[in-house]
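Here is what each chain is made of, one letter per residue.
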Amino acid sequence: MWLWNCASYWAGGCVVEPKNQPLSGNDLARFSGPGTFMRLPSSNELHKLDVAILGVPIDIGTSWRSGTRFGPKQVRNESAMIRPYNLQTGAAPFDSLQIADIGDLAINTFSLSDSLRIISDSYDAILKHDAVPVAIGGDHSITLPVLRSIARRHGPVALVHVDAHADVNDEMFGERECHGTVFRRAYEEGLIQPAKTYQIGLRGTGYSADDFTEATGWGFQQFPAHEFWGRDLGALGAEIRRDIGDVPTYITYDIDSLDPAFAPGTGTPEIAGLTTPQALQLIRALRGINVVGCDLVEVSPPYDTSGNTALTGANILYELLCILPGVTYR
């Protein structure tokens, strides 16, 4: 991004804003410093950013174990271990994109409906600028108001949804907007392109045979976890990338897509899920799609005192940063 700022440096006759870099562990010990994602600078100057990282600390949309309101804080804490260069892929996101942490949205902790409104209003403000929003949840209910704003900005988007659950319930306890109804509402409201909606990692038990399969009638493409036991997900990611083409795409990554052996700190764990290597294989194979936003949801720190679930979530977010449009690869 080219920015006019006299405090910046000259290049080719233009003034270029230096790119933010995560604070190095060689400059300040990783157990100290700012509580931002990867210890990046905090900023509210959205017009200067290519990528805005934000937290949505909410868990009043969940139906089983609460605790995801603490997700953004612990994911940021565990992200202090991550360094700026991806040694496996060569991605250097901080060399080419201006990235900062813009803090947490001020949700209403006593009202889910008001919180969803706040999220959507906040995203409308963010999307007036060109910054790609990257959210740290929070339970999965946050993705519905995000998609409402994304669709107002980009039109109906392709959706890559990695999750143990399809989240296509009609109601839960009479509520039509919560973490288990997100993608039925998104489909009904025309926020996503059904034929370019991919649900990966589905598994577990249900109430009826059509708990998952009803959505295939809408056009959703579903990939149950058991079909990929012991397999590399790179080929699936490449197939999805080719199918999407240049359509604006939103990626939502529920940490419970992973087997609880890898990510026990989540609200609705299901056994026999994806592995952490598969998570990276899938994301890396999506490089080249037009990502206009993404989120990592359902990290619930009280159920993993080791911090490993939040550490995994932080690394998934970093991998998502590495495939954003405009990232330099070395």
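Rules behind the numbers
Residues numbered from 1 in each chain as written. Predicted model: local features only at pLDDT ≥ 70, side-chain atom pairs only at ≥ 80, totals over all residues. Heavy atoms only, no water. Buried < 20%, exposed > 50% of the residue type's maximum accessible area, 1.4 Å probe, protein only. Helix = DSSP H or I, 4+ residues; strand = E, 2+ residues; numbered from the N terminus. Contact = heavy atoms within 4.5 Å. Pairing = 2+ DSSP bridges. Right-handed = clockwise from strand over helix to strand, strands pointing away. Phe/Tyr/Trp six-rings, centres within 6.5 Å; stacked < 30°, edge-to-face > 60°. Lys NZ or Arg CZ within 6 Å of the ring centre and 35° of its normal. 1 Å grid on protein atoms, 1.4 Å probe; cavity = no way out; pocket = protein on both sides within 12 Å on 5 of 7 lines; lining within 4 Å. Points joined across faces, edges and corners; volume = space filled by probe spheres on them. Nonpolar A, V, L, I, M, F, W, Y, C, P; charged D, E, K, R; others polar. Axes fitted to C-alpha atoms, helices over the stretch in contact; angles between N-to-C directions.

**Q** Even after reading the chapter, I still don't get helix 7 (residues 234–244), so can you show me in this structure?
**A** Because each turn of an α-helix spans 3.6 residues, side chains separated by three or four positions end up pointing in the same direction. Listing the buried residues of helix 7 in full gives G234, L236, G237, A238, I240 and I244. On the buried face of helix 7, the contacting elements are strand 7 (157–162), strand 8 (192–202), strand 9 (221–224), strand 10 (249–254) and helix 8 (276–285). G245 sits one or two residues past helix 7 and shows a positive phi near 65°.

**Q** Sorry if this is basic, but what is going on with the pairing of strand 7 here?
**A** Each regular strand displays side chains that alternate between the two surfaces of the sheet. A large share of strand 7 lies buried, amounting to six of its six residues. In this sheet, strand 8 lies alongside strand 7 in parallel orientation, the contact comprising five bridges. Bridging across to strand 8, V160 finds its partner in Y198. One crossover worth recording links strand 7 to the parallel strand 8 by way of helix 5 (residues 182–188), and it is right-handed. Across five bridges, the pairing between strand 7 and strand 10 is parallel. Bridge assignment links A158 to a residue of strand 10, and that residue is T249.

**Q** In this structure, what is going on with the packing of aromatic side chains? I would like to understand it.
**A** A ring pair, where both rings are aromatic, is described by two values, the distance of the centres and the angle of the planes. Tallied over the full model, the rule gives four aromatic pairs. Taking 4.4 Å as the distance between ring centres and 0° as the angle between the ring planes, the aromatic pair formed by Y187 and W218 counts as stacked. Here Y187, found in helix 5, pairs with W218, found in the loop between helix 6 (210–213) and strand 9; they are 31 residues apart in sequence, far enough to count as distant. The class of W218 is buried, set by a relative accessible area of 15%. Ring geometry for F223 and F228: centres 6.4 Å apart, planes at 55°, overall tilted. The same class applies to F223 and to F228, which are both buried. Members of the aromatic cluster, connected to one another through ring pairs, are Y187, W218 and F220. The ring of Y303 is capped by R65, whose NZ or CZ atom sits 3.9 Å from the centre of that ring.

**Q** Would you mind going over the layout of surface pockets with me for this structure?
**A** Empty space among the atoms becomes apparent when a probe as large as a water molecule is rolled across them. When its volume is computed, the largest pocket comes out at roughly 700 Å³. In terms of residues, the lining of the largest pocket owes the most to one element, helix 6, which gives three residues. Of the residues that constitute the lining of the largest pocket, the class distribution is seven nonpolar, nine polar and 11 charged. In this structure, the second largest pocket encloses a volume near 330 Å³. If you trace the second largest pocket, you find 17 residues lining it, with I82, Q88, N315, Y318 and E319 closest to the centre. Contributions of two or more residues to the lining of the second largest pocket are made by helix 8 and helix 9 (308–322).

**Q** Explanation requested: the sheet that holds strand 9 in the structure shown.
**A** Note: strands within a sheet are paired through backbone hydrogen bonds, in either parallel or antiparallel orientation. In spatial order, the strands read 5-3-6-11-10-7-8-9; together these eight strands make up an open sheet with parallel pairing. Of all the strands in the sheet, the pair left with one neighbour each is strand 5 (99–104) and strand 9. Between one strand and the next, the sheet's axes are offset by a mean angle of 15°, whatever the strand orientation. Strand contacts of helix 1 (residues 71–78): strand 3 (51–56), strand 5 and strand 6 (132–137), with the helix running at about 105° to strand 6, the strand carrying the most contacts.

**Q** Before we go on, may I ask you to explain the environment of A158 in this structure?
**A** Note on placement: A158 falls in strand 7. Judged by relative accessible area, A158 falls into the buried class, the value being 0%. With sequence-adjacent residues up to four places away left out, A158 is seen in contact with K196, I244, V247, P248, T249 and Y250.

Any functional reading would require information beyond the geometric quantities listed.
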